[in-house]
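In case you want the letters, here they are:
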Amino acid sequence: MLSKLTTSAQTRQWPGHIPVEYVYTAGIAGEAFLRALKDRGMLLTSQCPQCQTVYLPARLYCEQCFEETKQYEEIAPKGWVHTYTVAHVDIDGEALAVPQIYAFIRFGGTNGGLIHRLGQTQPHQVSIGMEVEALLLPGKERTGSINDITCFQPTK
Amino acid sequence: MSERMAIVGLGYADIRSCTPGISYKELMYEAATRAYDDAGINPRKQVDSFISVSEDFWEGTSIFDEYVPDQLGAALRPVHTVCGDGLQALSCAAMLIETGQAQIVAVEGHSKHSDMCTPHHIHQLAFDPIYHRPLGAHPQHLAGLEMARFLHESENTREHCGLVVQKNRRNALKNPRSVYGSDLSLQDILDAEPTFTPMGVLDAAQPADGAFVVVVAAERRAKALSTHPVWIRGYGWCTETPAVDSRSWGEAAYARLAAHQAYRMAKITAPARELDFAEVDDSFSYKELQHLEALDICPQGAAGAWLQAGITQTGGEFPVNVSGGSLGVGYFLEASGLMRLTEAVLQLRGQAGAVQLPAVRRGLVQSWRNLPTTTGCVVILERADGRE
Ligand SMILES: [Zn+2]
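1. Re the overall build of chain A
Tallying secondary structure elements over chain A gives 1 helix and 8 strands in all. Scanning chain A from its N terminus toward the C terminus, one meets helices and strands in the order α-β-β-β-β-β-β-β-β. Taken over C-alpha atoms, the radius of gyration comes to 21 Å for chain A, far larger than the 15 Å a tight globule of 156 residues would show. In chain A, which comprises 156 residues, the proportion classed as buried is 42%. Partitioning the intrachain contacts of chain A with sequence separation of at least 6 by distance along the chain shows that 48% fall at a separation of at least 24. Accessible surface, chain A as shown: approximately 9200 Å² in total, 52% of it carbon and sulfur. Taken together, the 13 basic and 15 acidic charged side chains of chain A have centroids lying 2 Å from each other.

Printed below as a string of structure tokens:
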């Protein structure tokens, strides 16, 4: 290129906007998981008949064996903190007025887990291994979403 | 490897924090022009196949692969896009040559990150739409979660992660192909504004614009074209799982398995002894430590201690990210692997300028596709006179 722009006042920009709208289908196992959460406040697992891995959230097939999972089972939403982080920044990059704690939570008798908010606690009170339980929306306010769980909180 | 092949051309352009005066096509054109000139070839006649890497959402254009031929000299020619890191495209180029389908292949990657007005929102679209995305968190919360678990499981510490930032940003001060060089004290880094604890704002690589093109040639052509070919000795790539519920949280299994594949091909059994340096993914400070352990370059849990002992510093026994890595040079989206590859090739040619290492013969390049992925790629390179 023989010449280039040398002042930013010469640059031309076209603002664009991509209106992305989509419906995501939860699928056979996903729908069963979200229904168990909405209707009974429980977490649905499924187990691989070959390697015995217990998936949470329930899945239709095992990623290790490529087998269809069986033995769907509901467990209470009580687990422990596998790892956690205190977020000081929101998705726009702006400072949060109140820091938000996120955790990956594991559940007994399963090989899976969920990332969710931690609430009813303070950052300095949280530790890896801490026992937590789901704080659920009242039954009639649930929509079949992971946000039917308001947050996880320290087990009482 | 059945067919020997080498990198014979290298071009890069406009490595800057933003590039308002040039379009992505011109950016690619400029890097491609330099790479073809470096290889001494006419792309319209001598390049048999072209590969680029891109993601539609990063580009802001659907079916983006249709927009790449003209600026690479690839119109009316075999061209395809890999929706992955640049080193995955390099692996495809190697396979095209190994199968005899092509003799010369051009590989391109670029970042026009500065064109994105809402990068975190676009990035969040990569997260699981049912179980994860509805939480509405900034994408880097996942790095905070992963870093906390990594530090919990290993001997490495928060201070070790800070030393990675210090090392790489200082290295970048000497590298003119970088954006974020600076001389920071460890305390500056540890005291920086917390973002996703234990991570602070300086633990995350910052984005940069730029384009990178490499030309790969089969042995016979490589020897005719270049006086300093850099041989590709091995390559491997691996994806663990997209699911957060079944991935390994404390270690980088993808990097370990990709390295196994590349080491097997290159017949490497003791990486730290048989390699002279590495350019590894450091998109977040802890990732450099985690990756060095997964690559079996240092013992499990020892990466931080190696850094503290100076082993991975520029003057040390096994320099890591002498270029400055992504923390110092910048994060280039899917072109990040090609940035690392460019730096390693320049090292092996003896053309790395102020960051040149003495007497390097063989090096490793490793990439990771950033959050929320578990995909990594490893390439082993060797200098021309390092052949058996
Ligand atoms: Zn199984």
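2. Quick word on the overall build of chain B
When helices and strands are tallied, chain B shows 16 helices and 11 strands. In terms of overall dimensions, chain B is globule-like: its C-alpha atoms have a radius of gyration of 19 Å, near the 21 Å expected for 388 residues. Principal axes of the C-alpha set define a box for chain B whose edges measure 55 × 45 × 40 Å. The buried share of chain B, taken over its 388 residues, is 65%. As displayed, chain B offers around 13300 Å² of accessible surface, 51% of which is attributable to carbon and sulfur atoms. Across chain B, the mean location of the 33 positive side-chain charges is 7 Å away from that of the 46 negative side-chain charges.

3. Details of the interface of chain B and chain A
At the junction of the two partners, chain B supplies 42 residues and chain A supplies 42 residues. Note on chain B versus chain A: buried area summed over both sides is about 3500 Å², and carbon and sulfur give 65% of it. Among the residues of chain B in contact with chain A, Tyr131, Leu135 and Asp245 of chain B are the three that bury the most area, contributing 22% of the side total. For the pair chain B and chain A, the interface holds 1 salt bridge. Between arginine 59 of chain A and aspartate 245 of chain B there is a salt bridge, with the nearest N and O atoms lying 2.9 Å from each other.

4. So, empty space enclosed by the protein
Residues and elements named next belong to chain B. Here the structure, examined in full by the defined rule, presents 2 cavities of 30 Å³ or more. If you add up the space inside the largest cavity, you get close to 50 Å³. As for the largest cavity, its lining consists of Glu146, Glu240, Arg247, Ser248, Glu251, Ala252, Ala253, Tyr254, Lys287, Gln290, Thr373 and Thr374. When residues of the lining of the largest cavity are traced back to their parent elements, those giving at least two are α11 (253-266) and α13 (285-294). Within this model, the second largest cavity holds a volume of roughly 30 Å³.

5. Side note on the coordination of the zinc ion
Residues and elements named next belong to chain A. Within the protein, the zinc ion binds to Cys48 (SG), Cys51 (SG), Cys62 (SG) and Cys65 (SG); these donor distances fall in the range 2.3 Å. Here the zinc ion is ringed by 4 donor atoms whose angles at the metal span 103 to 115°, and the overall shape comes out tetrahedral. Written as a sequence motif, the donor arrangement for the zinc ion is C-x2-C-x10-C-x2-C. Placement of the pair is cysteine 48 in the loop between β1 (43-47) and β2 (54-55) and cysteine 65 in the loop between β2 and β3 (70-75), with a sequence separation of 17 residues. Judged by relative accessible area, which is 0%, cysteine 48 ranks as buried.

6. A few points about the sheet that holds β3 of chain A
Sheets are built from strands that pair by backbone hydrogen bonding, the pairs being arranged parallel or antiparallel. Residues and elements named next belong to chain A. Spatially, 3 strands are ordered β2-β1-β3 in an open sheet, and the strand pairing comes out antiparallel. Lying at the two open borders of the sheet, with one neighbouring strand each, are β2 and β3. Here β1 runs beside β2; their pairing, made up of 2 bridges, is antiparallel. By the bridge assignment for β2, serine 46 is matched with tyrosine 55. In the packing of helix α1 (residues 27-40) onto the sheet, contacts are made with β1 and β3, and the angle to β1 comes to roughly 145°.

7. Remarks on the domain arrangement of chain B
Frequently, the measure chosen for interface size is the accessible area that the parts lose on association. All names here are of chain B. As far as domains go, chain B holds domain 1 (5-118 + 208-225) and domain 2 (128-204 + 229-383). Contact residues are listed per partner, giving 42 residues for domain 1 and 34 residues for domain 2. Of the roughly 3200 Å² buried between domain 1 and domain 2, counting both surfaces, carbon and sulfur atoms make up 72%. Looking at the side of domain 1 facing domain 2, the largest losses of area belong to Ile7, Leu87 and Phe212, adding up to 21% of the total buried there. The interface formed by domain 1 and domain 2 holds 2 salt bridges in total. Across the salt bridge formed by arginine 349 and aspartate 38, the nearest N and O atoms sit 2.8 Å from each other. Along the contact surface separating domain 1 from domain 2 lie 10 residue pairs in polar contact (both at pLDDT 80 or more). Of all the elements in the fold, those that place two or more residues in the side of domain 1 that touches domain 2 are β1 (5-16), α5 (86-98), β4 (104-111), β7 (209-218) and α10 (219-225). With 9 residues, the top contributor of residues to the side of domain 1 that touches domain 2 is β1. Counted by class, the side of domain 1 that touches domain 2 contains 21 nonpolar, 11 polar and 10 charged residues.

Conventions used here
- Residues numbered from 1 in each chain as written.
- Chains lettered and ligands numbered in written order.
- Predicted model: local features only at pLDDT ≥ 70, side-chain atom pairs only at ≥ 80, totals over all residues.
- Heavy atoms only, no water.
- Helix = DSSP H or I, 4+ residues; strand = E, 2+ residues; numbered from the N terminus.
- Rg over C-alpha atoms; globule rule 2.2 N^0.38 Å.
- Buried < 20%, exposed > 50% of the residue type's maximum accessible area, 1.4 Å probe, protein only.
- Contact = heavy atoms within 4.5 Å.
- Areas by Shrake-Rupley, 256 points an atom, 1.4 Å probe, with all protein chains shown as cover.
- Lys, Arg positive; Asp, Glu negative; His and termini not counted.
- Charge placed at Lys NZ, Arg CZ, Asp CG, Glu CD.
- Buried area = accessible area lost by both parts, 1.4 Å probe.
- Salt bridge = Lys/Arg side-chain N within 4 Å of Asp/Glu carboxyl O.
- 1 Å grid on protein atoms, 1.4 Å probe; cavity = no way out; pocket = protein on both sides within 12 Å on 5 of 7 lines; lining within 4 Å.
- Points joined across faces, edges and corners; volume = space filled by probe spheres on them.
- Donors = N, O, S within 2.8 Å, 3.2 Å for Na, K, Ca; no water.
- Tetrahedral: all angles 85-135°; square planar, octahedral: opposite > 155°, others 65-115°.
- Pairing = 2+ DSSP bridges.
- Axes fitted to C-alpha atoms, helices over the stretch in contact; angles between N-to-C directions.
- Domains from an automatic or database assignment.
- Polar contact = N/O pair within 3.5 Å; in protein donor to acceptor, adjacent residues only side chain to side chain.
- Nonpolar A, V, L, I, M, F, W, Y, C, P; charged D, E, K, R; others polar.

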